[in-house]
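Chains, contacts and geometry: an overview
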Amino acid sequence: APLLALGNVLLRITYGLVILMACIYTSKSYRDLKLLGILGIVNFVVFLFYSHSEFASIINPMVTLLFFGFVFTRLMQYVFSPKAVTINDVYALSAGYIIIGIIAAPFFTLANAQLDDAFSISQAASFSDLLYFSYITLTGVGYGDITPTHPISKSLSLILVIIGQLYTAILVGIVIGKYLAAGEG
């Protein structure tokens, strides 16, 4: 039990740091920083105090989608803006890949809350369980400890696998190619 508690503390600290860094590095103006700060604080508070009530199972995913959807959009705008590609673009793409996993987790959370047999896991699955499932699915690893059992959760999982493969193969390939070409010139 002490290791589980330590793992939960580390997850919360990491999640909070991701939100803080997202606010700082994707804000283009003070107005953006205020908006992201408010969304980030609400997201973090809901994440900390997430309960398995029906209300929380809807609010937590929505706040997460709003915040990280905005951050992901900003990252992609930066990466594909007309400029010379730098190592910062590679960092932004890496952050984007991580954020895809975070964005997918609310969809799995909503499916788990609304469908009786969405996953082969207890109905009391936490957001962190489904965040873990999101990354295992995104990377194509698929350990099998949590499996989608409903057609909707299977479809969501399939979409995430395809997004993960296309993201790494196409987007990262394009940007890395431009970065390497710029270094040769």
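Scope of this entry: the structure provided in the associated data block.

The next point concerns helix 5 (residues 127–138). Taking 1.5 Å per residue as the helical rise, helix 5 with its twelve residues ought to reach 16 Å, and the 16 Å between its terminal C-alpha atoms agrees with that figure. Residues of helix 5 that are buried include every one of Phe127, Leu130, Leu131, Phe133, Ser134, Ile136, Thr137 and Leu138, and no others. The positive-phi residue at the C-terminal boundary of helix 5 is glycine 140, with phi of around 80°.

The subject of this paragraph is the nonpolar core. Nonpolar side chains in soluble globular proteins generally cluster together in the buried interior. Ranked by size, the top nonpolar core spans 39 residues in total, and within it Phe67, Phe68 and Phe119 carry the most contacts. In terms of residues, this core owes the most to one element, helix 4 (residues 87–114), which gives eleven residues. Those residues in contact with phenylalanine 68, other than ones at most four positions away along the chain, are Tyr15, Val18, Ile19, Asn43, Ile99, Ile102 and Ile103.

Considering all chains together, one arrives at one salt bridge under this definition. Ionic pairing is found between arginine 74 and aspartate 32, a salt bridge with its closest N-O pair at 2.4 Å. Taken together, the residues arginine 74 in helix 3 (residues 54–79) and aspartate 32 in helix 2 (residues 30–48) connect sequence positions 42 residues apart. The burial state of arginine 74 is the same as that of aspartate 32; both residues are buried.

The grouping of Leu3, Leu6, Val9, Leu10, Ile13, Leu17, Leu20, Met21, Ile24 and Tyr25 at the surface amounts to a nonpolar patch, some 1,000 Å² of accessible area in total. Here isoleucine 24 lies in helix 1 (residues 2–26). On the accessibility criterion, isoleucine 24 (44% relative accessible area) is partly exposed.

Here the largest pocket defines a volume of roughly 440 Å³. As for the largest pocket, its lining consists of 17 residues, and the residues nearest its centre are Tyr25, Thr26, Leu75, Ala92 and Ala95. Class assignment for the residues of the lining of the largest pocket results in twelve nonpolar, three polar and two charged. Within this model, the second largest pocket holds a volume of roughly 190 Å³. Taken together, Phe72, Ile100, Ile103, Ala104, Phe107, Phe108, Leu156, Ile159, Leu160 and Ile163 make up the full set of residues lining the second largest pocket. Within the residue set of the lining of the second largest pocket, elements represented by two or more residues are helix 4 and helix 6 (151–184).

A separate point is the packing of aromatic side chains. As enumerated under the stated definition, the model contains seven aromatic pairs in all. On the numbers, 4.8 Å between centres and 90° between planes, the contact of phenylalanine 67 with phenylalanine 68 is edge-to-face. The class of phenylalanine 67 is buried, set by a relative accessible area of 0%. Seen in terms of ring centroids, phenylalanine 108 and phenylalanine 133 are 4.9 Å apart; in terms of plane orientation they differ by 80°. Their pairing is edge-to-face. Here the residue phenylalanine 108 occupies a position in helix 4, and phenylalanine 133 occupies one in helix 5, the gap between them amounting to 25 residues. Chaining the aromatic ring pairs together yields one cluster made of Tyr15, Phe47, Phe67 and Phe68.

A few words on the packing of helix 4 against helix 5. Packed helices, taken two at a time, are described by the angle their axes make and the gap between the axes. It is the contact of helix 4 with helix 5, at a shortest axis distance of 8 Å, that shows an interaxial angle of 125°. Judged by the inter-axis angle, helix 4 sits oblique to helix 5. For helix 4 against helix 5, the interelement crossing comes out right-handed. Between helix 4 and helix 5, the residues in contact are Tyr97, Ile98, Ile100, Gly101, Ile102, Ala104, Ala105, Pro106, Phe108, Thr109 and Asn112 and Phe127, Leu130, Leu131, Phe133, Ser134, Tyr135 and Leu138, respectively.

Calculation rules
Residues numbered from 1 in each chain as written. Predicted model: local features only at pLDDT ≥ 70, side-chain atom pairs only at ≥ 80, totals over all residues. Heavy atoms only, no water. Helix = DSSP H or I, 4+ residues; strand = E, 2+ residues; numbered from the N terminus. Expected span 1.5 Å × (residues − 1). Buried < 20%, exposed > 50% of the residue type's maximum accessible area, 1.4 Å probe, protein only. Core = buried A, V, L, I, M, F, W, Y, C linked by side-chain atoms within 4.5 Å. Contact = heavy atoms within 4.5 Å. Salt bridge = Lys/Arg side-chain N within 4 Å of Asp/Glu carboxyl O. Patch = residues over 30% accessible without salt bridge, like charges linked within 9 Å, V, L, I, M, F, W, Y side chains within 5 Å. Areas by Shrake-Rupley, 256 points an atom, 1.4 Å probe, with all protein chains shown as cover. 1 Å grid on protein atoms, 1.4 Å probe; cavity = no way out; pocket = protein on both sides within 12 Å on 5 of 7 lines; lining within 4 Å. Points joined across faces, edges and corners; volume = space filled by probe spheres on them. Nonpolar A, V, L, I, M, F, W, Y, C, P; charged D, E, K, R; others polar. Phe/Tyr/Trp six-rings, centres within 6.5 Å; stacked < 30°, edge-to-face > 60°. Axes fitted to C-alpha atoms, helices over the stretch in contact; angles between N-to-C directions. Parallel < 35°, antiparallel > 145°, perpendicular 65-115°, else oblique. Left-handed = near helix turned anticlockwise from the far one by under 90°.

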